[in-house]
Amino acid sequence: MTTPVPVTFTNLYSSNFSNPQADGWKLYNNDASASAALTIINGKAVIHISSAGTQTWYIQLIRANTSITAGKTYRLTFTAAAENNRNISLRFSKAAPLDGLWKQTI
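Residues numbered from 1 in each chain as written. Predicted model: local features only at pLDDT ≥ 70, side-chain atom pairs only at ≥ 80, totals over all residues. Heavy atoms only, no water.

Student: For the overall build of the chain, give the residues involved together with the corresponding values.
Tutor: In terms of helices and strands, the chain carries 0 helices and 6 strands. Taken from the N to the C terminus, the helices and strands of the chain come in the order β-β-β-β-β-β. By residue count, 8% of the 106 residues in the chain fall in the buried class. Summarising the internal contacts of the chain: among those between residues at least 6 apart in sequence, 38% fall at separations of at least 24. For the chain, the exposed area adds up to about 9,500 Å²; of that, 52% sits on carbon and sulfur atoms. (Helix = DSSP H or I, 4+ residues; strand = E, 2+ residues; numbered from the N terminus. Buried < 20%, exposed > 50% of the residue type's maximum accessible area, 1.4 Å probe, protein only. Contact = heavy atoms within 4.5 Å. Areas by Shrake-Rupley, 256 points an atom, 1.4 Å probe, with all protein chains shown as cover.)

Student: Could you give me a rundown of unusual backbone geometry, with the residues and numbers involved?
Tutor: Positive phi, close to 50°, is recorded for Asn42, a residue that is not glycine. Within the secondary structure, Asn42 sits in the loop between β2 (34–41) and β3 (44–52).

Student: A description of the nonpolar core should follow, citing residues and the corresponding values.
Tutor: One broad rule of soluble globular proteins: the nonpolar side chains tend to lie buried together. Formed by Leu27, Ala34, Ala36, Tyr58 and Ile59, the largest nonpolar core amounts to 5 residues. When residues no more than four places from it in sequence are discounted, the contact partners of Leu27 are Ala36, Ala37, Leu38, Ile47, Ile59, Gln60 and Leu61. (Core = buried A, V, L, I, M, F, W, Y, C linked by side-chain atoms within 4.5 Å.)

Student: I'd love a proper account of the pairing of β3, names of residues and values included.
Tutor: Bridge analysis of β2 against β3 gives 8 bridges, and the strand direction is antiparallel. Bridge pairing in β3 places Ala34 opposite Ala52. Counted along the chain from β2 to the antiparallel partner β3, the turn is 2 residues long, and its residue Asn42 has a positive phi close to 50°. (Pairing = 2+ DSSP bridges.)

Student: Which residues make up a nonpolar patch on the surface, and what values go with them?
Tutor: Taken together, Leu12, Ile68, Tyr74, Leu76, Phe78, Ile88, Leu90 and Phe92 make up a surface patch of nonpolar side chains, about 830 Å² in accessible area. Within the secondary structure, Tyr74 is located in the loop between β4 (59–63) and β5 (94–98). (Patch = residues over 30% accessible without salt bridge, like charges linked within 9 Å, V, L, I, M, F, W, Y side chains within 5 Å. Salt bridge = Lys/Arg side-chain N within 4 Å of Asp/Glu carboxyl O.)

Student: Tell me about the packing of aromatic side chains, and please be specific about residues and values.
Tutor: Here the distance between the centres and the angle between the planes together describe a pair of aromatic rings. Counting across every chain of the model gives 1 aromatic pair. A centroid spacing of 4.7 Å and a plane angle of 75° characterise the contact between Trp57 and Tyr58, whose relative ring orientation is edge-to-face. Taking the relative accessible area as the measure of exposure, Tyr58 reaches 11% and is therefore buried. Of note, Arg75 hangs over the ring of Phe9, and the distance from its end group to the ring centre comes to 4.1 Å. (Phe/Tyr/Trp six-rings, centres within 6.5 Å; stacked < 30°, edge-to-face > 60°. Lys NZ or Arg CZ within 6 Å of the ring centre and 35° of its normal.)

Student: Help me get a handle on the side chain of Gln60, residues and values and all.
Tutor: Structurally, the position occupied by Gln60 is in strand β4. Among the polar contacts made by the side chain of Gln60, one reaches the main-chain carbonyl oxygen of Trp57 at a distance of 3.2 Å. (Polar contact = N/O pair within 3.5 Å; in protein donor to acceptor, adjacent residues only side chain to side chain.)

Student: Summarise the environment of Gln55; cite the residues concerned and give the values.
Tutor: With respect to the element layout, Gln55 can be found in the loop between β3 and β4. With a relative accessible area of 39%, Gln55 lands in the partly exposed category. In sequence terms Gln55 and Asp31 are 24 residues apart; their C-alpha atoms lie 9.0 Å from each other.

Written out as structure tokens, the structure is:
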């Protein structure tokens, strides 16, 4: 077995929810069946979901313009909590224009 390669972590980005603009994060309700609102409370992003919709991607919290480099490895960490049981999915992707629309690609 080879000797493990030492890893040095460099912080690429850390959210700062101390301002009402949510540090560049935006909440999207992508269908009429979904309804949610984003507020900042005590330095935390709070999303109130009144209707989750029929697809998991109908409500999205997105932060654009974070640069990454091809061939690098990234570790993404976050803390989430809910008052009720909820499913959550996460995607780290590149948005690319497609015929005037935006399409997410991995």
